[in-house]
Structures are given as C-alpha cells and as structure tokens.
Amino acid sequence: MSTTSPIETATQIADAAWAELRKSVFVQQLLGEPLTQIPDVSFAEAQRRSKVGRSLLDRLDALDESTLPHDVRLTLRVVRFRAATWAKEADFYWHVIDPLRIGFFGMFLPTAYCGGFLLNYVHRQLAWASLDDDSARRRYLALVRDYARLIDAFAERTAGQAERGMCMPRPQILAARRLVQSLGQRALENLSAAPSKAGCLEKEVALLVAEVVEPAFGRLLEALAEPYYSRAPDSVGMSQYPGGREIYQQLVRLHTTLDITSEALHAKGLERMAEAEAEMQAICARARAPFPSRLQDDPQWRAATADGVHAAFQRYTDRIQPHLPNLFERLPRSPCQYAPLPEALQSSMTFGYYEQPRQAGTHGTYFFNVANMTQRPLIRVGPLAYHELVPGHHIHFASQLENESLHPFRSHSFVNAFNEGWAEYAITLAEELGMFEQPEEQYGRATHDAALISRLVIDTGMNALGWSLEQARDYLREHTQQTEEEIVSETLRYSCDLPAQSLAYKIGDLVFLELRDRMRAALGDEFDLRKFHSCVLGPGALPLSDLEWHVDSVIEDLR
C-alpha cells in the first residue's frame, strides 16, 4: 500500500490553497486570464471560503512540518497565514469584506478602496475579453448581465449591515454617493470597451447597460438615500458597531502580522511623530526657510498638468536607476511606468495606487491622482516614487512574480505588512543614497514620514480609542502638511473604508531595518547589502514573524 510523503502532502496543501487564491479577480488579472465569472460578494460565498480556510488549517495541523525543507516550510507558513484569514471571512462578513480575496478588508462596499477597487479590476478584465466567436460573445453578454447582479449585491450587503446596526457614517455616505454616480455614469464606457475593439455587440451591450446595469446602480444609490441616511451615525470608527472593537483588533494583527495592541501602536505613532517633527524643524533651520508657506507658490515644485506630474515622478525614478545594481543582485525584467488615476476614483483617493505587472515582462504601473497633485506642491513626489515603483513596490512585486522557484501560491502572495513595510524601507534606501538632494526634497521626505506615521495615531484613535472624525482631522492639521482635501479623504479611508490597513506602513519598515541591523551585526565585515535584499525579497511576501524566522535561518547558514 502506497503512502504519501510529507513533501507530497505539503505540495497538495499548497496546490489546494493556490486553487482557491486564483479565483481572485486580482490574481486572474496578474495571470492575464480572461474573466469567466463576475465576483461573488455574498455571505454564502464568505461561508464557503471560511470552510476552505478551516479545511486547510486542519490539513496543516495534521502535518509534521519539522522534517520538511526550509523553503517548503515557508510555503506552508504563507498558506497558514492566508487560510487563517479565509477561515474568518464568514465571522467578519457584516463588519468587513475582502472582495479581492487577498486580505484587503473594507467596511462598506460602496467605497473607493473596497468596492471601487473591485469594480476597477472587473472593468479591466472585461475590457480584455476576446469576442472572436459566437460562444465568446454569448459569454460576454452573460457577464455584463451578471455585472448588474454584483451591483445589486453591493446594495444587499449595505442593507444587511444596516439591519445589524452598521450604517455607513454620514460623512462617508456623501463620498460613496459620488463614487457610485461616477461608476454608474462610466458603466457604458467600461463595459463597451471590448465590443468597441471587436466591432460587435455594441448595441446589445448598450441595451443591457440601459435596461439592467444602470437600474442596478440606481438601486444602490437608493440604498444610500433616506431612510438609510437618517439612521446613519455622525461618528466614525469600528468600535461604535456591535463587535467592532474585537474585529478591529483582529484586523490589527492581520495587517501588521504581529501580536500588538491598538494602544501600543498608538503610542508608537506618537513617539515617531515627535521624531518626524523634530526632523522637519531641523531641515527648516539648516535651510533657513519656512518651507510650508514658501512652497505654495514656487513654480519649481508645482505642476499644472498630468504631463507635468508625470515628469516630476520620472525625474526621481531616473535619478535612482544607476544605483540599483549596487542594491540588488538581480533586478526584475518587468519595466515600470506612471499613468493618471481613473477619474471615477480621483475624489476618493489621496494619491493613487500601484498595480503590479500582469505577467513577467509586462509593466508595473503607479496610477497617480492628477486632480490632487496639480493642486499641491510636489515635494512628496520623491518618496512616492521610491515607495511605489523603484526600489519599492515594483522591485518587490515584479521580482516575486518572476521568481520561478516559488510555488505559484507564493509568487502571487499578498501580505500587507511585508508589501508596505518594504516600500517604506525602500524610501530609507533612497535617502541613504542621497536621492533627496535639495532641502525641499528632504523636507518632503520628512513630511511624507509624518503623514504615514500619523496613520498609527488616527487609525487606532478613530477605530479603537473613541476619537471623533474632527479630532483626527485636527491632529493631521497640526502635525502634517496635508491639504484639507487629503485630510478629508485620508480620515474617511481609515475610519470607514480600510480599517487597520494603514498600520502596516510604519510598523513594517521598522522590521526590515531591524532585520538588516541584525544581519549586519551577525556577519560584520562579511555583511553584503545586496545579499540582505536577496534574503528578504527572494521568498516573496511573508508575514513579518515568518520573515524574521527566515532571516535568522539565513544568518545561521552564512556564519
């Protein structure tokens, strides 16, 4: 009678996790696969995924991992992390939902970083659809019709939350209505992209949009009207909802991948903010310049057009490019680029977001908010460029995607604390190389730090410690150089859209710095920065405790 070896069992578990992960529209886009099914955001789907997660955890518990090779154990650790998250989705459902299925939990679907992100990916997938034959054209029409079902599911969950005492805060409702209206107005354009290229189905799609899709957006808007608005709270944050405080603490652990409390994070934020403010004051003193007021009208640090903003970003990417071989043993093949953020998302996102390459060799893209960035001095463009593209997100994600030694579950893994921690660490690398040459750029780097450090304070403040929206906004006005528009969108993002997600940035970067110091201290003159970066990027995204385990193992091997 044949028996399955531990390695074969581990592979089967990883394969099962990968089969579940690749159902994500986010992952399907990375794979370059056509959309075959509109995502399901129902409670029944959350229950199904929780069952999958629990089954994977049971299989992992039954396996003795101690005899497995190091890399296989890393794979199983990442599977355990994701499976544990999936296992909670049914319990989380009415508080937070993960529409992309990668651990990116949002409170309310009609918001930019939750449902807005999901629809953006769906639109992209539909735009790539092939309509070469009758079967493909029938499938496409079925997808457009089912798209209306997805919008209705947004409304159904919104109503279900209200029945459970979880109405969206009134300040967020106004932003949500604008987002839904914008997405609804662009539905015909988005859903007609593939038919327009193929020269067919344009009339059929237009009819479906008019008769099925647009009414669904109308029902979603109605779900956000009266009496919903009259039942909604003026206050913000998860702790005001039944069970919200407990789930927020679980999200804290999910997004930081550390066993840390909201109170400890809040205190760490206050401590680091004092350091950032001292740095800003020192830069102003050295330059003998009151930067906040002087930069407002300085044309050197302004841009009036998308092309002007693009040129500012590109300047910093070009500046660091010659230094990259001294930082990395191997650079990804995939190039990177900048592009304007879709208009529908501009009113709800402060700066923009990075989208990794779909396949090895294709572009990674940072989408920047033209409307926002043409209204403010561009002194934070440098930190954003280094965070979002090189040596930040793009180096990480493209390297991970192109690493053929990784199990596909790991090459498409998404761990928020690692992702954002590495990207913030990347800005430190740029700073160490002297990439912020002028005092204004150094000041911009310090203000970027202050803005992200503030998230530790106000995210925990609003979601766990009873802070009001205005209290959080006053804190940002006092301690950061953000515009009023940014303050409005950022505070809504943390308190009503993606609770705890923002905590990863300025906790994760500390872990990378601590691990670098640990390896340097252990290896002394043998320490090689490029090898350290290969050590932390080579395995792909890991929970930070697992990254520490991996780095310690590498140090032992190198001694």
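Anything mentioned here points back to the structure above.
Below you will find a few notes about this structure. Keep in mind it's a predicted model, so treat the numbers as computed, not measured. (Residues numbered from 1 in each chain as written. Predicted model: local features only at pLDDT ≥ 70, side-chain atom pairs only at ≥ 80, totals over all residues. Heavy atoms only, no water.)

## Let's talk about the overall build of the chain
Here comes step 1: When its secondary structure is counted, the chain shows 28 helices and 3 strands.
Here comes step 2: A compact globule built from 559 residues should have a C-alpha radius of gyration of about 24 Å, and the chain, at 23 Å, falls within 12% of that.
Here comes step 3: In terms of overall dimensions, the chain has C-alpha extents of about 75 × 65 × 50 Å along its principal axes.
Here comes step 4: Going through the 559 residues of the chain one by one, you find that 59% of them count as buried.
Here comes step 5: Look at the contacts in the chain between residues 6 or more apart in sequence, and 79% of them connect residues 24 or more apart.
Here comes step 6: A total of about 21,600 Å² of accessible surface is found on the chain, and carbon and sulfur atoms cover 50% of it.
Here comes step 7: Taken as two groups, the 57 positive and 74 negative side-chain charges of the chain have centres that lie 2 Å from each other. (Helix = DSSP H or I, 4+ residues; strand = E, 2+ residues; numbered from the N terminus. Rg over C-alpha atoms; globule rule 2.2 N^0.38 Å. Buried < 20%, exposed > 50% of the residue type's maximum accessible area, 1.4 Å probe, protein only. Contact = heavy atoms within 4.5 Å. Areas by Shrake-Rupley, 256 points an atom, 1.4 Å probe, with all protein chains shown as cover. Lys, Arg positive; Asp, Glu negative; His and termini not counted. Charge placed at Lys NZ, Arg CZ, Asp CG, Glu CD.)

## What about the packing of helix α14 (residues 262–287) against helix α23 (residues 439–463)?
Any two packed helices are characterised by how steeply their axes cross, that is the angle between the axes, and by the distance between the axes.
Here comes step 1: Two numbers describe how α14 lies on α23: the axes approach to 8 Å, and their chain directions differ by 160°. Classified by the angle between their axes, α14 and α23 sit roughly antiparallel to one another. The hand of the α14/α23 crossing is left-handed.
Here comes step 2: Across the contact of α14 with α23, the residue classes break down as 15 nonpolar, 8 polar and 4 charged. (Axes fitted to C-alpha atoms, helices over the stretch in contact; angles between N-to-C directions. Parallel < 35°, antiparallel > 145°, perpendicular 65-115°, else oblique. Left-handed = near helix turned anticlockwise from the far one by under 90°. Nonpolar A, V, L, I, M, F, W, Y, C, P; charged D, E, K, R; others polar.)

## What to know about the packing of aromatic side chains
Here comes step 1: Scanning the entire structure with this criterion turns up 30 aromatic pairs.
Here comes step 2: Ring pairing ties together the aromatic residues Phe26, Phe104, Tyr113, Phe117, Tyr121, Tyr353, Tyr354, Phe367, Phe397 and Phe414, which thus form one cluster.
Here comes step 3: Stacked on the ring of Tyr93, the Lys or Arg Arg157 has its end atom at 5.3 Å from the ring centre.
Here comes step 4: Residue placement shows Arg493 over the ring face of Tyr113; its charged tip is 4.6 Å from the ring centre. (Phe/Tyr/Trp six-rings, centres within 6.5 Å; stacked < 30°, edge-to-face > 60°. Lys NZ or Arg CZ within 6 Å of the ring centre and 35° of its normal.)

## A word on the environment of Leu523
Here comes step 1: Structurally, Leu523 can be placed in helix α26 (residues 505–523).
Here comes step 2: With 33 residues separating them along the chain, Leu523 and Glu556 place their C-alpha atoms 9.7 Å apart.
Here comes step 3: If we ignore the near neighbours within four places in the chain, the residues touching Leu523 are Ile555, Leu558 and Arg559.

## A look at the sheet that holds strand β2 (residues 352–355)
Here comes step 1: Across the sheet, which stays open at both edges, the 3 strands sit in the order β1-β3-β2 with mixed pairing between neighbours. Among the strands making up the open sheet, the edge pair consists of β1 (336–340) and β2. Put simply, the sheet's adjacent strands are angled 20° from each other on average, direction ignored.
Here comes step 2: Relative to strand β3 (residues 364–368), β2 is paired through 4 bridges, and the arrangement is antiparallel. Across the sheet, the residue bridging to Tyr354 is Tyr366, located in β3.
Here comes step 3: The strands touched by helix α6 (residues 112–127) within the sheet are β2 and β3, with β2 carrying the most contacts at an inclination of about 45°. (Pairing = 2+ DSSP bridges.)

## Some points on α26
Here comes step 1: Here α26 is 19 residues long and its end C-alpha atoms lie 28 Å apart, about the 27 Å a rise of 1.5 Å per residue gives.
Here comes step 2: Taken together, the buried positions of α26 are occupied by Tyr505, Lys506, Ile507, Gly508, Asp509, Val511, Phe512, Leu515, Arg516, Met519 and Leu523.
Here comes step 3: Backbone geometry just downstream of α26 places Gly524 in the positive-phi region, at approximately 60°. (Expected span 1.5 Å × (residues − 1).)

## A short note on the side chain of His255
Here comes step 1: Looking at where His255 falls in the secondary structure, it is placed in helix α13 (residues 244–256).
Here comes step 2: Once you skip the residues sitting within four places of it in the chain, His255 turns out to touch Gly103, Asn416, Ala417, Pro499, Ala500, Gln501 and Ala504.

## Looking at the environment of Glu355
Here comes step 1: Mapped onto the secondary structure, Glu355 falls in strand β2.
Here comes step 2: Taking relative accessible area as the criterion, Glu355 reaches 9% and is therefore assigned buried.
Here comes step 3: Those residues in contact with Glu355, other than ones at most four positions away along the chain, are Gln29, Tyr121, Arg124, Gly364, Thr365 and Phe367.
Here comes step 4: Of note is the side chain of Glu355, whose polar atom sits 3.4 Å from the side chain of Gln29. (Polar contact = N/O pair within 3.5 Å; in protein donor to acceptor, adjacent residues only side chain to side chain.)

## Remarks on the packing of α6 against helix α7 (residues 134–163)
Here comes step 1: Running from N to C, α6 and α7 point in directions that differ by 180°, and their axes come no closer than 12 Å. Relative to α7, α6 is oriented roughly antiparallel. Between α6 and α7, the contacting residues are Gly115, Leu118, Leu119, Val122, His123 and Leu126 on the first element and Tyr140, Leu143, Tyr147, Leu150, Ile151 and Phe154 on the second.
Here comes step 2: Class assignment of the residues belonging to the contact of α6 with α7 gives a composition of 10 nonpolar, 2 polar and no charged.

## Observations regarding the nonpolar core
General note: in soluble globular proteins, nonpolar side chains tend to be found buried as a group.
Here comes step 1: Tyr147 and Phe313 are the most contacted members of the largest nonpolar core, which has 189 residues in total.
Here comes step 2: Element by element, the count of residues in this core is highest for α7, at 11 residues.
Here comes step 3: Ignoring sequence-local partners within four residues, the contact set of Tyr147 consists of Ile38, Leu119, Val122, His123, Leu126, Leu191, Val213 and Phe217. (Core = buried A, V, L, I, M, F, W, Y, C linked by side-chain atoms within 4.5 Å.)

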